[in-house]
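Spelled out, the chains give:
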Amino acid sequence: MERLSETPTICPVTVTASALSNKWKPVIVNRLLDGPKRFSEIRRLIPGISSKVLSQNLASLETQGIVKRRIVADARPVLVL
């Protein structure tokens, strides 16, 4: 009998499910599909999410490389994309 490799294969579906494994992350990503938004725009588009939870989830998505944060300094108020 052949022995399978000792190194596990990485399943893209498993990685994606793990990255989006809470209540808000899929909703946030969905709202960002049509382009960059300000924090307040995202919050307005997602009824029921608190600023703290949105901020934590955006930071996590950024760490995972799913979203990219960009600060536009010449915009008033400061624009974070």
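None of these values were measured; they are calculated from a predicted model.

Summarise the overall build of the chain; cite the residues concerned and give the values.
Helix and strand counts for the chain stand at four helices and two strands. In the chain, the order of α-helices and β-strands from amino to carboxyl end is α-α-α-α-β-β. A separation of at least 24 residues holds for 42% of the contacts in the chain among residues at least 6 apart in sequence. When the accessible surface of the chain is summed, it comes to about 6400 Å², and 58% of that surface belongs to carbon and sulfur atoms.

Got a sec to walk through the nonpolar core? Specific residues and values, please.
Counting residues in hydrophobic clusters, the biggest one holds nine residues: W24, I28, I42, I46, I49, L54, L58, L61 and V67. In terms of residues, this core owes the most to one element, helix α4 (residues 51–63), which gives three residues. In this view, I46 contacts W24, V27, I28 and R31; residues no more than four positions away in its chain are not counted.

Reading the values: rules and limits
Residues numbered from 1 in each chain as written. Predicted model: local features only at pLDDT ≥ 70, side-chain atom pairs only at ≥ 80, totals over all residues. Heavy atoms only, no water. Helix = DSSP H or I, 4+ residues; strand = E, 2+ residues; numbered from the N terminus. Contact = heavy atoms within 4.5 Å. Areas by Shrake-Rupley, 256 points an atom, 1.4 Å probe, with all protein chains shown as cover. Core = buried A, V, L, I, M, F, W, Y, C linked by side-chain atoms within 4.5 Å. Buried < 20%, exposed > 50% of the residue type's maximum accessible area, 1.4 Å probe, protein only.

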